[in-house]
Amino acid sequence: QVQLVESGGGLVQAGGSLRLSCAASGSILSIDGMGWYRQAPGKQRELVAAITSGGSTNYADSVKGRCTISRDNAKNTVILQMNSLKPEDTAVYYCNAQVVEARYYKNYAGGYWGQGTQVTVSS
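For the structure given in this document, a descriptive report is provided here. (Residues numbered from 1 in each chain as written. Predicted model: local features only at pLDDT ≥ 70, side-chain atom pairs only at ≥ 80, totals over all residues. Heavy atoms only, no water.)

### Comments concerning the packing of aromatic side chains
Reasoning step 1: Scanning the entire structure with this criterion turns up 4 aromatic pairs.
Reasoning step 2: Aromatic side chains Tyr 108 and Tyr 112 sit 6.0 Å apart centroid to centroid with 90° between the ring planes, which places their arrangement in the edge-to-face category.
Reasoning step 3: Each member of the aromatic cluster is reached from another via a ring pair, and the members are Tyr 37, Tyr 94 and Trp 113.
Reasoning step 4: Directly above the ring of Trp 113 sits Arg 45, whose terminal nitrogen or CZ lies 4.5 Å from the centroid. (Phe/Tyr/Trp six-rings, centres within 6.5 Å; stacked < 30°, edge-to-face > 60°. Lys NZ or Arg CZ within 6 Å of the ring centre and 35° of its normal.)

### Thoughts on the pairing of strand 9 (residues 91-101)
Reasoning step 1: Counting buried positions along strand 9 gives 8 out of 11 residues, so the element sits mostly inside the fold.
Reasoning step 2: When strand 9 meets strand 11 (residues 117-122), the two strands line up antiparallel, connected through 3 bridges. Residue pairing for strand 11: Tyr 93 is matched across the bridge by Thr 117.
Reasoning step 3: Relative to strand 10 (residues 108-113), strand 9 is paired through 6 bridges, and the arrangement is antiparallel. Bridging from a neighbouring strand, Ala 97 pairs with Tyr 112 of strand 10.
Reasoning step 4: In this structure, the hairpin formed by strand 9 and strand 10 is closed by a connection of 6 residues. (Buried < 20%, exposed > 50% of the residue type's maximum accessible area, 1.4 Å probe, protein only. Helix = DSSP H or I, 4+ residues; strand = E, 2+ residues; numbered from the N terminus. Pairing = 2+ DSSP bridges.)

### Examining the nonpolar core
Reasoning step 1: Trp 36, Val 78, Leu 80, Met 82 and Tyr 93 are the most contacted members of the largest nonpolar core, which totals 31 residues.
Reasoning step 2: Of all the secondary-structure elements, those providing two or more residues to this core are strand 1 (2-7), strand 3 (18-26), strand 4 (28-39), strand 5 (46-51), strand 7 (67-72), strand 8 (77-82), strand 9 and strand 11.
Reasoning step 3: Per element, the largest residue contribution to this core is 5 residues, and it comes from strand 9. (Core = buried A, V, L, I, M, F, W, Y, C linked by side-chain atoms within 4.5 Å.)

### Description of unusual backbone geometry
Reasoning step 1: For Asn 76, which is not a glycine, the phi torsion comes out positive at approximately 50°.
Reasoning step 2: Its identity is not glycine, yet Ser 84 carries a phi of approximately 50°, on the positive side.
Reasoning step 3: Inspection of the secondary structure puts Ser 84 in the loop between strand 8 and strand 9.

Printed below as a string of structure tokens:
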């Protein structure tokens, strides 16, 4: 079993900051990419930021310059530091990890999702 546990969401005023954390645990052989997605009501889930096992990063244009993603491979943890938050950043933020999981009969490679953490930015 693989589980992603998120923390750090909350309510902040515009211009404020939040630090989102996600830790993966379970029968993990390796993790390739890790990242954060967000989904607002009535909208598709979209990528916010992602980071590879080697440290390469990608950011959505809407958050570039305001967010920083990092990871600790030894702890299977990914961090999203968000600054200068705007009301349009309001969404449920989901952690994602591309995991190779050790299973009894056959290893499984696929994406795993956290439960989501609410980020609300007031004006």
